[in-house]
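Residue strings, one per chain:
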Amino acid sequence: MNKIWWKILGSVLVLYTAIAGLLSGVPHLAILNETIRNLYFHVPMWFAMLTLFSISVFYSVKYLLYGKESDDIRAIESVNVGIIFSILGLITGAVWAKFTWGQFWSFDVKQNFTAVAILLYFAYLVLRNAIDEQQKRAKISAIYNIFAFPMMVVLIMVLPRLSDSLHPGNGGNPGFNSYDLDSRMRAVLYPAFIGWSIIGYWIYTIRFRIRTIENKQNS
Amino acid sequence: MQLLHQVKYLIKKEVLLEWRSKYALNGVLLYVVSTVFVCFLSFVSIAPVTWNALFWIIMLFASINAVSKGFLHESKGQQLYIYTIASPLALIISKTVYNVLLMMLLTLIALFFYVMVFDYVPQDLGLYIIATVLGSLSFSTIFTMISAIASKAGNGGMLMAILSFPVIIPVLIVLIKLTKNAIDGLDRSVSLDEIGLLLIINALVAAVTLLLFPYLWRD
Amino acid sequence: MKKIIFALMLLLSSVQLFAQSNDVEMADALRSNGKIYVVVICIVIILVGLLIYLFSLDKRLKKIEKKSSDKN
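Residues numbered from 1 in each chain as written. Chains lettered and ligands numbered in written order. Predicted model: local features only at pLDDT ≥ 70, side-chain atom pairs only at ≥ 80, totals over all residues. Heavy atoms only, no water.

An unreviewed UniProt entry lists chain B under the name Heme exporter protein CcmB, with Pedobacter panaciterrae as the source organism. UniProt annotates chain B under Subcellular location (unreviewed entry) with the comment "Membrane". (UniProt positions renumbered as here; feature names shortened; annotations may be inferred.)

Chain A is annotated in an unreviewed UniProt entry as Heme exporter protein C from Pedobacter panaciterrae. A UniProt comment under Function (unreviewed entry) is attached to chain A, and it reads "Required for the export of heme to the periplasm for the biogenesis of c-type cytochromes." The Subcellular location (unreviewed entry) field of the UniProt record for chain A holds the comment "Membrane".

Draft legend 1. Region of interest: the interface of chain A and chain B. Residue-level contacts link 26 residues of chain A with 30 residues of chain B. Regarding the contact of chain A and chain B, the summed buried area is about 2500 Å², with carbon and sulfur atoms giving 84% of it. Linking chain A to chain B there are zero salt bridges. In this assembly, chain A and chain B are joined by two residue pairs in polar contact (both at pLDDT 80 or more). Listing elements by their share of the side of chain A that touches chain B, those giving two or more residues are α2 (39-66), α4 (109-130) and α5 (134-162) of chain A. Here the element with the most residues in the side of chain A that touches chain B is α5 of chain A; it accounts for 14 residues. A per-class count over the side of chain A that touches chain B returns 23 nonpolar, one polar and two charged. (Contact = heavy atoms within 4.5 Å. Buried area = accessible area lost by both parts, 1.4 Å probe. Salt bridge = Lys/Arg side-chain N within 4 Å of Asp/Glu carboxyl O. Polar contact = N/O pair within 3.5 Å; in protein donor to acceptor, adjacent residues only side chain to side chain. Helix = DSSP H or I, 4+ residues; strand = E, 2+ residues; numbered from the N terminus. Nonpolar A, V, L, I, M, F, W, Y, C, P; charged D, E, K, R; others polar.)

Structure representation (structure tokens):
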């Protein structure tokens, strides 16, 4: 965990996407204009969030199976970091929407559903605060976390595809794939996914380490 | 075989208890009837879209009340007794099946009453009834699990609402879309997507519930 | 007290008026050069968000350090 190479890898990838994202050639589209470059910064936030929430579910399952306290801390901390990324994704999306669709909140399905998905994880945090006993809290919140995750996936990945959306790739709108996510953009977007996920994972490990020390001091 | 036997026994017990007091049935029916009546008195005539949304909102609160009763209002002694005679799997299956039956009965009665009071019949009544059956199915599967979580967590009612709303919203959105199709009398093949999605969500929730409930139940 | 609040409100409303008269221009600025400044804003938001987060983490760490130094 303390090996440094993956942290450097993450930093290099993010740096690369920032530089290449601003300098590389992009398709010329009306309305979007240069904001298409936001794709490299807005979408990876969601990808990082999904990665962190998946990590959380993984550790929740592990907690239910083995009952180790550290797994519970891992689950909660990765949710905390995931929520930060989701809020960043929401705000950048809102700004982007303001200058392309005209409003900060365009009542686009994807916007609404991601807001609901964030609510889902806020409910998880509320649930944690509602229970005092440590073991009980860990168990019940792990169960809710696993229960909520498939719903979140349905909300973010499946439902928007069924309804009309302003986002590309949903409800009749052609996806970026079909006309403009050419190889140049892929070469930046995919490293951005990996890079930001690694950064998210890094922050999560830091939070986890702080939390374990705190718990040790308090006990 | 043993499981089936236990499930049958537990369902019989639930039905018998309910039949003796008729608390849930009468209480929720009264709730639905009075809300429908209040809505009628305040709206008098109503656009089909609002009619539809109103129906689902009424059913949402009715089902939260009806289903959450199952776990939240059970005393510690009762739970302990059931714990000794049946496996957790049998318990959750029986509760879910019983809630599904109860909710189907309730929604069908409510729909009948609602149609009668507002004097408005959706164009494709058959599809609408299918949708309400699917809706009561998904409401009861989701709420049963969440009420179990909330009851284990201690303070029931408030937590129940916080935990269940983000989870139920995707289902509600699909349901409203499906019933909107039924109201407009669209061809049924258009609605197959939504029906499939609802069935998938239900299967997912059922699978997760069956996997998780044994962990939740044992202390 | 009331007067002060009233004066403040007037001041605020005048600020809003200023903002309104400038608003169109500002939007133009953000939309100029192929809306590249929207991308800049988004990058800034992400960086500011992460930096604020870093500061809060730092604060927490400081608390722990204090505690552990108290113990020794």
